[in-house]
Structures are given as C-alpha cells and as structure tokens.
Amino acid sequence: MDWQGQKLAEQLMQTLLLAFAVVAFVAGYWLGSFQMMLLIYAGGVALTTLITVPNWPFFNRHPLKWLDPSEVDRHPKPQPVKSKKKPTKQK
C-alpha cells in the first residue's frame, strides 16, 4: 500500500465508522433496541475492516520508485555527525 493509499484507507475508515455509528444509533432509537444498535454497528465495523484492511489494488495507484541497487554506490548513506559537547555532571 502506498502513502496515498494509506491516507485513503484512513479517510474511508473514519467516514464509514461514523456513518455506521449514525445509522446504528438512529435504527436503535427508532426500534427501541440497544441490541439491534450494537449489531448494526458491529456489522459496520466488520464491513469497514473488509474494505480498509486488505491491500486492494485501488490502494496502490501511486507506487513508490525505489533506488536501483546499482545506484547505491553513487549515493552513500549519510554518516551521523559527532558532537563535541562536554558531558554534563549528574547530581
């Protein structure tokens, strides 16, 4: 899953969970059943999970271009800079 796909999955998850929460609350209130509200919301969570967790092809529309292994020698890994600070005394 690419970066844009992760963002899309996150937005879909939030939107679907909110929509199912509202639908479950309204249906539960209208039917007067707390159990029905929980069942509707649980079904929404399950459906949201099936939509957002697997790596579906529409989450991979912007693939990343990785550095070719032959290019590694031309672009060396940066080395950390060593600090010349004096250590402070612990009291």
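Everything numeric here is computed off the predicted structure, so don't read it as measured data.

Peer 1: How do you make sense of helix H2 (residues 34-52) when you look at a structure like this?
Peer 2: An α-helical segment advances 3.6 residues per turn. Residues three or four places apart therefore align on the same side. Over its 19 residues, H2 extends 27 Å from the first C-alpha to the last, a length consistent with the 27 Å expected when each residue adds 1.5 Å. Of all the residues in H2, the buried ones are Met37, Gly44, Thr48 and Thr52. Down the axis of H2, the buried set is contained in an arc of 50 degrees. They therefore lie on one face. Across H2 from its buried face, at more than 90 degrees, point the exposed residues Gln35 and Leu50. On the buried face of H2, the contacting elements are helix H1 (3-31).

Peer 1: Is there a simple way to think about the packing of H1 against H2 in this case?
Peer 2: For any two helices packed against each other, the geometry comes down to the angle between their axes and how far apart the axes lie. Packing of H1 against H2 leaves a shortest axis separation of 8 Å and a crossing angle of 165 degrees. In this view, H1 runs roughly antiparallel relative to H2, as classed from their interaxial angle. Seen along the crossing, H1 lies across H2 with a hand that is right-handed. Split into classes, the residues belonging to the contact of H1 with H2 amount to 19 nonpolar, four polar and no charged.

Conventions used here
- Residues numbered from 1 in each chain as written.
- Predicted model: local features only at pLDDT ≥ 70, side-chain atom pairs only at ≥ 80, totals over all residues.
- Heavy atoms only, no water.
- Helix = DSSP H or I, 4+ residues; strand = E, 2+ residues; numbered from the N terminus.
- Expected span 1.5 Å × (residues − 1).
- Buried < 20%, exposed > 50% of the residue type's maximum accessible area, 1.4 Å probe, protein only.
- Arc of directions from axis to C-beta.
- Contact = heavy atoms within 4.5 Å.
- Axes fitted to C-alpha atoms, helices over the stretch in contact; angles between N-to-C directions.
- Parallel < 35°, antiparallel > 145°, perpendicular 65-115°, else oblique.
- Left-handed = near helix turned anticlockwise from the far one by under 90°.
- Nonpolar A, V, L, I, M, F, W, Y, C, P; charged D, E, K, R; others polar.

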